[in-house]
Amino acid sequence: MTVRTRFAPSPTGLLHIGNARAALFNFLYARHHGGQFLLRIEDTDRERSTQKAVDVIFDGLKWMGITADAEPVFQSTRVERHKEVALQLLEAGKAYKCFCTPEELKQMREQAMAEGRPPRYNGMWRDRDPSEAPPGAPYAVRIKADHEGETVIEDLVQGEVRVANAELDDMIILRSDGTPTYQHAVVVDDHDMDITHVIRGDDHLTNTFRQLMIYRAMGWDQPRFAHLPLIHGPDGAKLSKRHGAQSVVEFRDEGYLPEALCNYLLRLGWGHGDAEILSRDEQIRLFDLDGVGRSPSRMDYTKLTHVNAVYLREADDERLTNDVMERLTGREGVDTGPVTRERVLKLMPGLKERARTLVELADNAAFLGRQVPLTFDAKAQKHLTPEARAMLGELARALAVVEPFEAEQIDAALRLFAETYGHKLGQVAQPLRAALTGTTTSPGIDATVAALGRDEVLARIGAVQNG
Ligand code: GLU
């Protein structure tokens, strides 16, 4: 059997990280077993499903490096097939026409509630002949549920889960306007797509019991199910806006690398010994559903940020530079032309050691694109005493002749200068850093000076001389 999994998002306008994690698990599971991973857009709600919302899903998955093995299936294009199966069930006597009016259904619900029963359909038309309905009356198609016994799922994450069939009512599969219901469409699509493993959030567990009725009625093989615990906030409550980012786009905007987010999301619900950082290849090699925990995971933003910092340090300098330049574009007072780009690239090994997110990275790199006169934060100003400014004037003369103008030679020149004038290296480096960056933090001073280039360094020192 070839494993075939699928991710089946509804295009609602965002890709929630809970869903993104389901996508990742489906993808890894398929890859681990040498199978296929498919994508189905559940866009039957035509009002909410816009192209923009679909693009958000495509973009998010692409960004996370989760690629499907076939063209995506759009559920809305399969309505005729959903109908066909519903009519087949009708013909086979496994489903029936229900002519209940909305008023009757309302009454049914109210009566059930009044009697303290769950508001289920009471089977009013289950055994009635359609000829008893008024001619031309609209009808929905309901599945004839088995009310005896119980349904058992051997869930690959949750273990054995049972529900008494008496709990399940004769749900509608085709509405009176001829449109299929969600439960029905999912089953027909999963069957037609040859899905062998349905891996999704455990908020779908109750749906699974209902969906199994359709598999049974059609005599179709059932897929295996794996219901993943949801992701909660750090406080254990349902993840919401107040906790922080929730959608993939938000995490991207907040400066997380996709591989860090994937690594974190994977580790959040699945464990493999103590291994924290796993490459995609290792993830594929090691992932299986038996390592997925049953209890809800708690989103830990601090941990994610830590994982991100690890990935940042390993990331390619060119790639990070491109991202930083994009984030700096449009920032007031920051030039983002090729000269700045060159500087950012050159300083990237030092910059990426100090940042935890791409936002921090861009913030820390912004000084490279500023023009004199810089503005100085309070701490930087403290370092720029009249004596320090005079000292920097002397230092400029030394820096003017450093050849080549690279970190190693600059470091030697700074040390020699400090020694000659009886300063500690820090007494030279800190005012210099303040003059060059407007702040008191930056990568190593030698690398910072080298990245700015001689002309710019002399210009920035010159500007504090006159200040
Ligand atoms: N479309 C459903 C959702 O976005 C998922 C359905 C499924 O995975 O079966 O929640």
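Provided above is the structure to which this section pertains.
First, a word on scope: everything that follows refers to the structure included in this document. What you see is a predicted model, and the numbers here were worked out from it, not measured in a lab. (Residues numbered from 1 in each chain as written. Predicted model: local features only at pLDDT ≥ 70, side-chain atom pairs only at ≥ 80, totals over all residues. Heavy atoms only, no water.)

Describing the packing of aromatic side chains
Filter applied, for reference: Aromatic pairing here means that ring centres of Phe, Tyr or Trp (its six-membered ring) are within 6.5 Å. Orientation follows from the plane angle: under 30 degrees is stacked, over 60 is edge-to-face, and everything else is tilted. Using a 1.4 Å probe on the protein chains alone, a residue whose accessible area is under 20% of its type maximum counts as buried, one over 50% counts as exposed, and one in between counts as partly exposed.
Counting across every chain of the model gives 9 aromatic pairs. With a centroid separation of 4.6 Å and an interplanar angle of 35 degrees, the aromatic rings of Phe 417 and Tyr 421 are classed as tilted. A relative accessible area of 5% places Phe 417 in the buried class. Here the aromatic residues Phe 25, Trp 270 and Phe 287 are joined through ring pairs into a cluster of three or more.

With respect to the site of the ligand
Under the convention used in this document: Near is defined per residue: the residue qualifies when any heavy atom it owns lies within 4 Å of the molecule or strand. Polar contact is defined as a pair of N or O atoms within 3.5 Å, subject to the rule that within protein one atom must be able to donate a hydrogen and the other to accept it, and that residues adjacent in sequence are counted only when both atoms are side-chain atoms. Accessible surface area values rest on a Shrake-Rupley calculation with a 1.4 Å probe, where residue burial reflects the displayed protein chains alone. Under the grouping applied here, Gly and all other residues not named as nonpolar or charged are polar, the nonpolar ones being Ala, Val, Leu, Ile, Met, Phe, Trp, Tyr, Cys and Pro and the charged ones Asp, Glu, Lys and Arg.
Around the ligand, the neighbouring residues are Arg 6, Ala 8, Pro 9, Ser 10, Glu 42, Tyr 182, Arg 200 and His 204. Between the ligand and the protein, one listed contact pairs an oxygen atom with a side-chain N or O atom of Arg 6 at 2.7 Å. Taking Glu 42, its side chain carries an N or O atom lying 2.6 Å from a nitrogen atom of the ligand. Within the complex, 86% of the 290 Å² of free accessible area of the ligand lies under protein. Here the residues of the shell around the ligand are counted per class, giving 3 nonpolar, 2 polar and 3 charged.

Some remarks on the sheet that holds strand β5 (residues 140–143)
Keep this limit in mind: Should DSSP find at least two bridges between two strands, the strands are taken to pair. Numbered from the N terminus, helices here are DSSP runs of H or I no shorter than four residues, and strands are runs of E no shorter than two. Note on definitions: angles span 0 to 180 degrees between N-to-C directions of axes, and those axes are lines fitted to C-alpha atoms, for helices only across the stretch in contact.
The strand order across the open sheet formed by 3 strands is β4-β5-β8, and the pairing between neighbours is antiparallel. A single partner strand is all that each edge strand has here, and the edge strands are β4 (95–98) and β8 (172–174). Between one strand axis and the next, the sheet turns by 45 degrees as a mean value, whatever way the strands run. Summarising the sheet, β4 and β5 pair through 4 bridges and their orientation is antiparallel. When the sheet's bridge partners are listed, Lys 97 is paired in β5 with Val 141.

Focus on the layout of surface pockets
Inclusion rule: Cavity and pocket criteria rest on a 1 Å grid covering protein atoms alone: a 1.4 Å probe that fits but cannot get out defines a cavity, protein on both sides within 12 Å along at least 5 of 7 lines defines an open pocket, and an atom within 4 Å of a point defines a lining residue. Grid points are joined across faces, edges and corners, and a volume is the space filled by probe spheres set on the points.
As a volume, the largest pocket reaches approximately 720 Å³. Forming the boundary of the largest pocket are 30 residues, of which Gly 18, Asn 19, Gly 201, Asp 203 and His 204 lie nearest the centre. Secondary-structure elements contributing two or more residues to the lining of the largest pocket are β1 (4–7), α1 (17–32), β9 (197–201) and β11 (231–232). Looking at the lining of the largest pocket element by element, the count peaks at 5 residues for α1. For the lining of the largest pocket, a count of residues per class yields 14 nonpolar, 10 polar and 6 charged.

Some points on the environment of Gln 36
Heads up, the rule is: Here, residues are in contact when the closest pair of their heavy atoms is within 4.5 Å.
For Gln 36, the location among the structural elements is in strand β2 (residues 36–41). Taking the relative accessible area as the measure of exposure, Gln 36 reaches 30% and is therefore partly exposed. Sequence separation between Gln 36 and Ala 68 is 32 residues, and the spatial gap between their C-alpha atoms is 7.7 Å. If we skip the residues at most four places from it in the chain, Gln 36 touches Val 3, Arg 4, Thr 5, Ala 30 and Asp 69. Within the structure, Gln 36 has its side chain in polar contact with the side chain of Arg 4 (distance 2.5 Å).

With respect to empty space enclosed by the protein
Scanning all chains against the criterion turns up 1 cavity of 30 Å³ or more. Taken together, Leu 15, Val 56, Asp 59, Gly 60, Val 248, Val 249 and Arg 252 form the lining of the largest cavity. Tallied by class, the residues present in the lining of the largest cavity amount to 4 nonpolar, 1 polar and 2 charged.

Considerations on the packing of helix α15 (residues 386–399) against helix α17 (residues 425–437)
Cut-off, in case you're wondering: Roughly parallel means an angle under 35 degrees; roughly antiparallel, over 145; roughly perpendicular, 65 to 115; everything else is oblique.
The contact between α15 and α17 brings their axes to 10 Å, and the two run at 90 degrees. Taken as axis vectors, α15 and α17 run roughly perpendicular relative to one another. For the pair α15 and α17, the contacting residues are Ala 388, Met 391, Leu 392 and Leu 395 in the first and Gln 427, Val 428, Pro 431, Leu 432 and Ala 435 in the second. Residues of the contact of α15 with α17, tallied by class, amount to 8 nonpolar, 1 polar and no charged.

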